[in-house]
Amino acid sequence: MRIIGTGSALPKKIVTNEMLSQFLDTSDEWITTRTGIKSRHVISDEKIEDLGAEAVRKALDMSGLKPSDIDLFIVSNVITNQDTPGMSCLVAAKVGLSCPMFDINCACPGFVYALDMAETYYKAGKVKNVLIACIEEPTRMTSWEDRSTCVLFGDGAGAAVLTEGDNIKGTKLHSQPDVDKIWMSRKLVPSPYVTTPDLEVPLQMKGREVFRFAVEACTNGVKRLLDEVGIKKDDVSWFMVHQANKRIIDSIIDFMQVPSERFPVNIHDHGNSSSASCPILLDECNRKGMFKEGDIIVLSAFGAGLLSGAAVLEW
Ligand code: COA
């Protein structure tokens, strides 16, 4: 397939590190040196599905396609306060989509997983045009009393429209199931038959172990994928890496020995917006006119699961 439109939307509320240090035992200095984050967009009076719809409309506008042209709508979303119908249906009702649609919950690598699915449906001859949207509000998963998690995240939505083409050169997905490194759980409606209590626990994370997984999964996954498709790392124009932490990105750059200018970053004013991070970065770079026809772009993301994935595209 080929990407012909991108879009993104962010909550209007911007929360700086200084604002966090007013109610948490933290500081701009700690957050900046450990993560590279200075501020993040945080959901307040908006609904995340409205931001999803805005990102989708922008991507459709750029592509020149109408909602009725879309054959499949894939939405990546970890959590929202409405469990059913899924986020894909909530957004479809707002933008007028009526194709087959479903949600995936692959955490931060959701965009790469969705690209892999889109390409697989396309190669099976089932679709011509696919719309992907990653719509995430991780700031509703963390405890705002837990300085080790809430400072890391921001919210937002990113979308991409794909059509026929030979521009996805390859994808590689990876899992290392390990369910206590990043997790949260919440209570369901009580049932008279359930005898074990549900846990209500905000996002928990073993930061250092996740850090190691992220660096290894990205460097190994990208290397294997590039070897498989026969593209040299020096021929890659842009490495669009999940914006989780600037130190993770810097370690990946060190291991891969690639000039840092080829790693666009927006972590400083976005924080980690889960699966929305890659398509938001893609859209921002695209709208700045950074991509030229023929550029090779690598996308790589990692997160809860533990899951990771990489994709290589020709622009
Ligand atoms: N402000 C000030 N101090 C903080 C803090 C904050 N926001 N968060 C944690 N600390 C403290 C800890 O309590 C700890 O204090 P202690 O030594 O008195 O116990 C100290 O800082 C060191 O904590 P530690 O967790 O070892 O720090 P770290 O150097 O590993 O950095 C992360 C923590 C979370 C920034 C880092 O592990 C990380 O980036 N991990 C990857 C996380 C990630 O990106 N996850 C999403 C992937 S999709």
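Structure: see above.
Everything quoted here is computed from the prediction, not taken from an experiment. (Residues numbered from 1 in each chain as written. Predicted model: local features only at pLDDT ≥ 70, side-chain atom pairs only at ≥ 80, totals over all residues. Heavy atoms only, no water.)

Focus: the packing of aromatic side chains
All told, the structure shown has five aromatic pairs when counted by the stated rule. On the basis of an interplanar angle of 35° and a centroid distance of 6.4 Å, the ring pair of phenylalanine 102 and tyrosine 121 is categorised as tilted. Placement of the pair is phenylalanine 102 in strand E5 (residues 101-104) and tyrosine 121 in helix H5 (residues 110-123), with a sequence separation of 19 residues. Look at phenylalanine 102 and you get partly exposed, because its relative accessible area is 25%. Among the aromatic residues, ring-to-ring pairing joins Trp238, Phe291 and Trp315 into one connected group. (Phe/Tyr/Trp six-rings, centres within 6.5 Å; stacked < 30°, edge-to-face > 60°. Helix = DSSP H or I, 4+ residues; strand = E, 2+ residues; numbered from the N terminus. Buried < 20%, exposed > 50% of the residue type's maximum accessible area, 1.4 Å probe, protein only.)

Examining the side chain of serine 63
Position of serine 63 relative to the elements: it lies in helix H3 (residues 48-63). Each residue touching serine 63, except ones within four places of it in the same chain, is listed here: Ile4, Gly5 and Val161. (Contact = heavy atoms within 4.5 Å.)

A short note on the site of the ligand
Taken together, 21 residues sit near the ligand, with Thr26, Arg147, Gly207, Arg208 and Asn245 positioned nearest. The separation between a nitrogen atom of the ligand and a polar side-chain atom of threonine 26 is 2.6 Å. At a separation of 2.4 Å, an oxygen atom of the ligand approaches a polar side-chain atom of asparagine 245. Protein contact buries 74% of the 970 Å² of open area that the ligand shows by itself. Within the residue set of the shell around the ligand, elements represented by two or more residues are helix H2 (28-35), helix H6 (207-229) and strand E12 (296-303). (Near = heavy atom within 4 Å. Polar contact = N/O pair within 3.5 Å; in protein donor to acceptor, adjacent residues only side chain to side chain. Areas by Shrake-Rupley, 256 points an atom, 1.4 Å probe, with all protein chains shown as cover.)

Considerations on the sheet that holds strand E13 (residues 307-314)
Read across the open sheet, the four strands follow the order E8-E13-E12-E11; overall the sheet is mixed. At either margin of the open sheet sits one strand with a lone partner, and together these are strand E8 (168-175) and strand E11 (238-241). Taken over all neighbouring pairs, the strand axes of this sheet differ in orientation by 10° on average, direction set aside. As paired elements, E11 and E12 share four bridges and run parallel to each other. In the sheet register, valine 241 faces E12, and the bridge partner there is serine 300. (Pairing = 2+ DSSP bridges. Axes fitted to C-alpha atoms, helices over the stretch in contact; angles between N-to-C directions.)

Points about the sheet that holds strand E7 (residues 156-163)
Sheets are built from strands paired through backbone hydrogen bonds, the pairs being either parallel or antiparallel. The strand order across the open sheet formed by five strands is E1-E7-E6-E4-E5, and the pairing between neighbours is mixed. Two strands in the sheet have a free side with no partner beyond their single neighbour: strand E1 (2-9) and E5. Strand-to-strand twist in this sheet, taken as the mean axis angle between neighbours without regard to direction, amounts to 15°. Across the face of the sheet, H3 comes into contact with E1, strand E4 (72-76), strand E6 (130-136) and E7 while running at roughly 145° to E1. This element, helix H4 (residues 87-95), spans E4, E5 and E6 of the sheet and lies at about 135° to E5.

Looking at the pairing of E5
Strand residues, when the strand is regular, have side chains that alternate between the two faces of the sheet. As defined by bridge partners, E4 adjoins E5 across four bridges and the pair is classed as parallel. By the bridge assignment, serine 76 is partnered in E5 with isoleucine 104. A crossover connection joins E4 to the parallel E5 through H4; in handedness this β-α-β unit is right-handed. (Right-handed = clockwise from strand over helix to strand, strands pointing away.)

A look at the packing of H3 against H4
Two numbers describe how H3 lies on H4: the axes approach to 9 Å, and their chain directions differ by 60°. In this view, H3 runs oblique relative to H4, as classed from their interaxial angle. Crossing handedness for the pair H3 and H4: right-handed. In contact with Ile48, Glu49, Asp50, Gly52, Ala53, Val56 and Arg57 of H3, H4 contributes Met87, Leu90, Val91, Lys94 and Val95. A per-class count over the contact of H3 with H4 returns seven nonpolar, one polar and four charged. (Parallel < 35°, antiparallel > 145°, perpendicular 65-115°, else oblique. Left-handed = near helix turned anticlockwise from the far one by under 90°. Nonpolar A, V, L, I, M, F, W, Y, C, P; charged D, E, K, R; others polar.)

Describing the pattern of salt bridges
Taken as a whole and judged by the stated rule, the model has 20 salt bridges. Among the salt bridges present, the one from glutamate 314 reaches lysine 169, with a minimum N-O distance of 3.7 Å. Separated by 145 residues along the polypeptide, glutamate 314 in strand E13 and lysine 169 in strand E8 bring together distant segments of the chain. Since its relative accessible area comes to 31%, glutamate 314 is described here as partly exposed. Since its relative accessible area comes to 30%, lysine 169 is described here as partly exposed. (Salt bridge = Lys/Arg side-chain N within 4 Å of Asp/Glu carboxyl O.)

Re the nonpolar core
With 35 residues, the main nonpolar core has Phe111, Leu115, Val130, Ile132, Met240, Phe291 and Leu299 as its most contacted residues. Excluding anything up to four places from it in sequence, valine 130 contacts Met1, Leu72, Ile74, Ala118, Ala160, Val161 and Leu162. (Core = buried A, V, L, I, M, F, W, Y, C linked by side-chain atoms within 4.5 Å.)

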